[in-house]
Amino acid sequence: AWYRWRTALKPCVGAMMSDERFVLPGPTEVRPEVLDAMRHPMIPHRSAAMELLIQTVHARLQPMFGTTLPVYVVTGPSTAAMEMAVRCGSIERVLALVCGAFGERFAEIAELTGREVTRVIAEPGQVVSPEQVRLALENGNYDTVTVVHSETSTGALSDVASIAKVVRDSSNAMLLVDAVTSVGAMPIAMDAWGADLVFAGSQKALALPPGLAFVAASERLLNRGRTLFDCGYALALVRYDEFWHKSQS
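Before going into details, it helps to say that this report is about the structure given with it. (Residues numbered from 1 in each chain as written. Predicted model: local features only at pLDDT ≥ 70, side-chain atom pairs only at ≥ 80, totals over all residues. Heavy atoms only, no water.)

**Details of helix H7 (residues 160-170)**
And then number 1: Buried within H7 we find Val160, Ile163, Ala164, Val166 and Val167. Buried residues in H7, looked at end-on, bunch into an arc of 160°, giving them a common side.
And then number 2: At its buried positions, H7 is contacted by strand S2 (93-98), helix H6 (130-138), strand S4 (144-148), strand S5 (174-178) and helix H8 (190-193). (Buried < 20%, exposed > 50% of the residue type's maximum accessible area, 1.4 Å probe, protein only. Helix = DSSP H or I, 4+ residues; strand = E, 2+ residues; numbered from the N terminus. Arc of directions from axis to C-beta. Contact = heavy atoms within 4.5 Å.)

**Description of the nonpolar core**
And then number 1: Within the largest apolar cluster, 34 residues are counted, with the highest numbers of intra-cluster contacts made by Phe65 and Leu97.
And then number 2: Here this core gets five residues from one element, more than from any other, and that element is H7.
And then number 3: Those residues in contact with Phe65 that sit more than four places away from it in its chain are Val71, Val183, Ile188, Ala189, Met190, Val198, Phe199, Ala200, Phe214 and Ala216.
And then number 4: Counting residues in hydrophobic clusters, the runner-up holds 33 residues, among them Ala80, Ala81, Ala107 and Leu235. (Core = buried A, V, L, I, M, F, W, Y, C linked by side-chain atoms within 4.5 Å.)

**Some points on the pairing of strand S7 (residues 213-217)**
Two faces, one strand: in a regular strand the side chains alternate between the faces of the sheet.
And then number 1: Among the five residues of S7, five are classified as buried, and the element is accordingly described as predominantly covered.
And then number 2: By the alternation rule, side chains of S7 split into Ala213, Val215 and Ala217 and Phe214 and Ala216, which are all buried.
And then number 3: In this sheet, S7 lies alongside strand S1 (residues 71-74) in antiparallel orientation, the contact comprising four bridges. Each bridged residue has a counterpart across the sheet, and for Val73 the counterpart in S7 is Phe214.
And then number 4: Looking at chain direction, strand S6 (residues 197-201) and S7 are connected through five bridges and run antiparallel. By the bridge assignment for S7, Val198 is matched with Ala216. (Pairing = 2+ DSSP bridges.)

Laid out in structure tokens, this is it:
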């Protein structure tokens with residue numbers, strides 16, 4: 001059985017090792033020098049070497065997010081960061097802006113974690129307008145708004161800057177932004193937008209191997225997270241913040 005499996009797999013592995021080009025949103029092609037770095041020996045996760053690595057990585061992540069806030073490295077996929085955002089950033093009622101599969105995933109996670117969700121759904125290839133957001137906020141009491149900046153499934157790009165202004169002007173809701181396919185591909189201005197949480201993944205425009213997510217959160221959102229009791233353990237954003245201040249994972 002092992003021989004048959006290895007024989008069947010060999011052509012696939014050979015193709016991957018050749019000079020292939022990935023023409024898809026992700027995982028993207030990883031540069032040889034990045035792959036080569038993965039051959040280095042492990043370092044202890046509580047060592048001075050790890051602390052220096054975390055500090056170095058963090059300094060390079062902040063400009064990509066357009067923030068002076070901490071950017072946490074999450075050892076999990078982007079969907080883990082999305083669930084972290086919902087668990088630590090929302091309380092009860094979520095307004096989900098849906099313009100594709102990942103906006104819908106945001107809404108589904110909110111429902112699965114017990115939140116009451118109202119969807120504002122755009123036509124395929126379109127985005128939810130700031131005016132639609134304003135009307136929804138005027139007609140409902142929401143503590144959180146979710147939006148996907150660059151919707152992978154359709155290529156639609158939401159105007160997060162305008163949406164964030166509407167959310168700030170019309171409510172006290174937290175704004176959670178999925179920027180998985182936009183961080184590294186286009187300018188992100190988290191602080192200027194006034195977004196409360198922005199997350200991205202390693203395997204898209206950052207062109208890194210899959211398996212890491214990156215999350216930046218406002219102090220306002222962290223303060224909310226400290227009052228919640230259903231954030232879990234591995235996805236508790238406040239715990240990431242605690243260890244970030246020690247330059248530790």
